[in-house]
Number of protein chains: 2
Amino acid sequence: MTAENGMVKIAVDAMGGDNAPAEIVKGAVEFARAGTAQIILVGDPDAVQSELAKFDVDGLPIGVDPSDGVIREGEPPALALRQKPKASIVVSTRLVKREQADASVTMGSTGAAMAAAAVVLGVAKGVERPVLGGPILGTAPRTMILDVGSNVDCKPQQLVSYAVIGDVFARYFWNLERPRVALISVGAEIGKGNRQIRETTELLEKSGLNFVGNVEAHKLAKGAVDVAVCDGFVGNIVMKLTEGIGEATDERLRDRLQGTMSAEEIESVAADIHQLTNVVEMTGGGPLFGVNGVTVVGHGSANATAVYRAIEVAKRAVDTGYVPRINQELEAIHAKLGE
Amino acid sequence: MTAENGMVKIAVDAMGGDNAPAEIVKGAVEFARAGTAQIILVGDPDAVQSELAKFDVDGLPIGVDPSDGVIREGEPPALALRQKPKASIVVSTRLVKREQADASVTMGSTGAAMAAAAVVLGVAKGVERPVLGGPILGTAPRTMILDVGSNVDCKPQQLVSYAVIGDVFARYFWNLERPRVALISVGAEIGKGNRQIRETTELLEKSGLNFVGNVEAHKLAKGAVDVAVCDGFVGNIVMKLTEGIGEATDERLRDRLQGTMSAEEIESVAADIHQLTNVVEMTGGGPLFGVNGVTVVGHGSANATAVYRAIEVAKRAVDTGYVPRINQELEAIHAKLGE
């Protein structure tokens, strides 16, 4: 799968995101300069070339692959995929499917990236749609929470799949030997929670994972477990509530500190506290899970530095080889649980 | 229902809470001094009298009603209720049922208070268990969120009942004319969310309430609506996550401010910011909803000041007459929706 020179190849959607293509190309060029991966910029050739011309890219491992059209945030993903079969996110993902790239990276619409990954790469055993997750709480930067995306009304088998994905992630990305896996629920005692949680508990107890029971949300915020599993409805609320509290806190804190210290000091304190509720921006993006390939989705507002970091996440994802591992373990667990 | 002298009568569980009976009696005596309500302290007569003896209560509208036993936090409520039929929370609630008191107040086990209210007072039409709710987010102190308690796997009809309760609360306690009612969900568009949300949406659109659709959690945190309705599973996670983020933020903020200002100033800033995530302690407790009477449950760690405030909430609840109003409106809406 790697380039002739042995380097990992990463397709970067040059058209996706608020600051495309300028910041995307800039971040990609910076990454190419590091010399650890071959970059394929996917986008409108003229637009990308005119951005590339701003840099001295002679001899750098960076090239362009043409695409036609962009899927914007807010477009219904499935429809847009049919209407724009050559959109940058589709072409990037297809490069991965065809093994012409090892991973794709986009700052564009998360919905479009998920739809493209599902359709082009396919989803893993026991997963219905791509899974979004990561260490989304700044107060718990080493707790993988999933799903935080669009999987609602999950069946217990799906939640078990998320547990497997989180377990592999924590072992491969964080080098944990035996991650503590828990279900987000309303009571710590096993058996508490709603029907979905109780049924999933039964499966997880037989799974062979290091299942430690339920985690309540106040302990979740403190990083009490390594992998926290939930329905996408709950995960999305956890993520957005954290964001909302963070913004309100930030505003109040800046007001409150007025006159007590210099503007520069206020900025520094506020930035420190804001990190507690804003991990996504810190890490520059995370991989989609449960799909047969590596796709990293970053924040739409990403600047070149965030693009660089997202490419770095993609390279690490390829290097760790977690995708084939997840697929193996999902096959194994669903066979074990008799499906 | 009021005392011979026309005063509202409030039964106060003198035995419930971490600081019972000392702080409970102290807060109750202070309230009696205000002279706006008759207080009935319910508890072990010797223990309560020996606390009362510390104050000059001559001529104050305060008396004692004997009880035997206390239900502690963590005891299984239903079982405890059978084993301790004369426990202070049961006796307090029974005074309300018998119209010997207009309201009861406890700092004891929330589960026990809910069980006592359900069994002794009974629940309203369209409600299966007592409902917990209130302006639980400090970032949104004028958004009533319910259920945040033990109602999980709610049927759409139950969520409609919570909407009615929240609507009456917002009108009677906050004097809003036409509260904006929304469902907590993962997308603002009507129709987004899980099955429960989509089914409830259909009912709320026919309800006659000022239903404004879905509210996402980041907007919830900013007070975008007046009444936010959710399954107790989601509400409890919203409440506890807020608490957890608040505690982590508080800790980091105090650390970060070390050396930049005086200890006193740090305390003041931290307290201000902590309020954003800690409304329950500010208000001293809230009423249980969906039961045929007024029961106010405060924080277990309440001191005399918090007890005073909880009694104040109970008096206000009686004065507004919201309970009979909720019952009427629940009857009407469930008749309208054809149940």
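Structure first, text after, so check above.
Overview of the structure. Each chain carries its own residue numbering, running from 1 in the written order of its sequence. Key to labels: chains lettered from A, ligands numbered from 1, both in the order written. Given that this is a predicted model, residues contribute local features only at a pLDDT of at least 70 and side-chain atom pairs are listed and counted only at 80 or more, while totals for whole chains, interfaces and linings are drawn from all residues.

## A look at the overall build of chain A
Here's step 1: Runs of E in the DSSP output that reach at least two residues are strands. Runs of H or I that reach at least four are helices, and both are numbered from the N terminus. Helices and strands together make up the secondary structure of chain A, namely 13 helices and 11 strands.
Here's step 2: For the radius of gyration, the atom set is restricted to C-alpha positions; the globular benchmark scales as 2.2 Å times the number of residues to the power 0.38. Since a compact globule built from 339 residues should have a radius of gyration of about 20 Å, the 20 Å found for chain A is in line with a globular shape.
Here's step 3: Dimensions of chain A, computed from C-alpha atoms along their principal axes, come out at roughly 60 × 60 × 40 Å.
Here's step 4: Counting the 339 residues in chain A, one finds 58% classified as buried.
Here's step 5: Here the contact rule is simple: place C-beta atoms from the backbone, and any two residues whose C-beta atoms are within 7 Å are in contact. For chain A, restricting intrachain contacts to residue pairs at least 6 apart in sequence, the fraction spanning at least 24 positions comes to 70%. Remark: C-beta atoms are placed from the backbone, and a residue is labelled buried if 20 or more other C-beta atoms sit within 10 Å of its own, exposed if 12 or fewer do, or partly exposed between those counts.

## Some thoughts on the relation of the copies chain B and chain A
Here's step 1: Structural alignment of chain B on chain A gives an RMSD of 0.1 Å, achieved by rotating through 180 degrees and translating 0.0 Å along the axis. In short, the pair behaves as if placed about a two-fold rotation axis. Ranked by how close their C-alpha atoms come to the rotation axis, the residues of chain B are headed by B:Val234, at 3.3 Å.
Here's step 2: A shared binding surface is used by both copies, with 100% of the interface residues of chain B retained as interface residues in chain A. For this overlay, a least-squares fit was computed on C-alpha atoms, restricted to residues scoring pLDDT of at least 70 in both copies.

## A short note on the nonpolar core
Here's step 1: A set of buried Ala, Val, Leu, Ile, Met, Phe, Trp, Tyr and Cys residues, joined through C-beta atoms within 7 Å, is what we mean by a nonpolar core. In terms of nonpolar packing, the biggest core is built from 238 residues, with A:Ile10, A:Val12, A:Ala28, B:Ile10, B:Val12 and B:Ala28 touching the most fellow members.
Here's step 2: Excluding anything up to four places from it in sequence, A:Val12 contacts A:Ile24, A:Ala28, A:Ile39, A:Ile40, A:Leu41, A:Val42, A:Val105 and A:Ile311.

## Considering the sheet that holds strand β9 (residues 227-229) of chain A
Here's step 1: Pairing within the open sheet is mixed, and its 5 strands lie in the order β5-β6-β9-β7-β8 (chain A). This sheet does not close on itself; its edge strands, each paired only once, are β5 (133-134) and β8 (211-215) of chain A. In this analysis, strands are considered paired if DSSP registers two or more bridges between them.

## As for the interface of chain B and chain A
Here's step 1: The interface of chain B with chain A comprises 40 residues on the first partner and 40 residues on the second.
Here's step 2: Contributing elements (two or more residues each) for the side of chain B that touches chain A: α8 (217-220), α9 (232-257) and α10 (263-274) of chain B.
Here's step 3: Examining the composition of the side of chain B that touches chain A, we find that 17 residues originate from one element, α9(B), more than from any other.
Here's step 4: When residue character is reported, Ala, Val, Leu, Ile, Met, Phe, Trp, Tyr, Cys and Pro are called nonpolar, Asp, Glu, Lys and Arg charged, and the others, Gly included, polar. Among the residues forming the side of chain B that touches chain A, the class breakdown is 19 nonpolar, 10 polar and 11 charged.

## Concerning α9(B)
Here's step 1: Here a helix's expected span is defined as the number of its residues, less one, multiplied by 1.5 Å. For α9(B), which comprises 26 residues, the first-to-last C-alpha distance of 37 Å matches the rise-based estimate of 38 Å (1.5 Å per residue) to within 8%.
Here's step 2: One or two positions beyond α9(B), positive phi appears at B:Gly259, with a value near 85 degrees.

## Section: the sheet that holds strand β6 (residues 144-146) of chain B
Residues and elements named next belong to chain B.
Here's step 1: Within the open sheet, the 5 strands sit side by side as β5-β6-β9-β7-β8. Their pairing is mixed. A single partner strand is all that each edge strand has here, and the edge strands are β5 (133-134) and β8 (211-215).
Here's step 2: As defined by bridge partners, β5 adjoins β6 across 2 bridges and the pair is classed as antiparallel. Each bridged residue has a counterpart across the sheet, and for Gly-133 the counterpart in β6 is Leu-146.
Here's step 3: Strand contacts of helix α6 (residues 156-174): β5, β6, β7 (181-184) and β9 (227-229), with the helix running at about 165 degrees to β9, the strand carrying the most contacts. A fitted line through C-alpha atoms serves as each axis, taken over the contacting stretch for helices, and the angle formed by two N-to-C directions is quoted from 0 to 180°.

## Notes on the packing of α9(B) against α10(B)
Residues and elements named next belong to chain B.
Here's step 1: Following both chains from N to C, one finds α9 and α10 inclined at 160 degrees, their axes separated by 10 Å at the closest point. By the angle class used here, α9 and α10 are roughly antiparallel. The crossing of α9 and α10 is right-handed. Of the residues in α10, those in contact with Gly-246, Thr-249, Asp-250, Leu-253, Arg-254 and Leu-257 of α9 are Ile-266, Val-269, Ala-270, Ile-273 and His-274.
Here's step 2: Of the residues contributing to the contact of α9 with α10, the split by class is 6 nonpolar, 3 polar and 2 charged. Each angle is binned into one of four classes, with values under 35 degrees roughly parallel, values over 145 roughly antiparallel, values of 65 to 115 roughly perpendicular, and all other values oblique. Left-handed describes a crossing in which the near helix is turned anticlockwise from the far one by less than a right angle; the clockwise case is right-handed.

## Section: the pairing of strand β11 (residues 294-297) of chain A
Residues and elements named next belong to chain A.
Here's step 1: Along β11, one buried face is formed by Val-294 and Val-296 and the opposite face, lined by Thr-295 and Val-297, is buried too.
Here's step 2: Bridge count for strand β4 (residues 103-106) against β11 is 4 bridges, and the pairing is parallel. Bridge pairing in β11 places Val-105 opposite Val-296.
Here's step 3: Two strands pair when backbone bridges link them, and strand β10 (residues 286-287) and β11 are joined in this way by 2 bridges, in the antiparallel orientation. Counted as the bridge partner of Pro-287 is Val-296 from β11.
Here's step 4: Connecting the antiparallel pair β10 and β11 is a turn made up of 6 residues, with Gly-290 showing a positive phi of about 80 degrees.

## Observations concerning helix α12 (residues 304-320) of chain A
Here's step 1: Taking 1.5 Å per residue, 17 residues should reach 24 Å; α12(A) reaches 24 Å between its end C-alpha atoms and fits that length.
Here's step 2: Most of α12(A) is tucked away: 12 of the 17 residues are buried.

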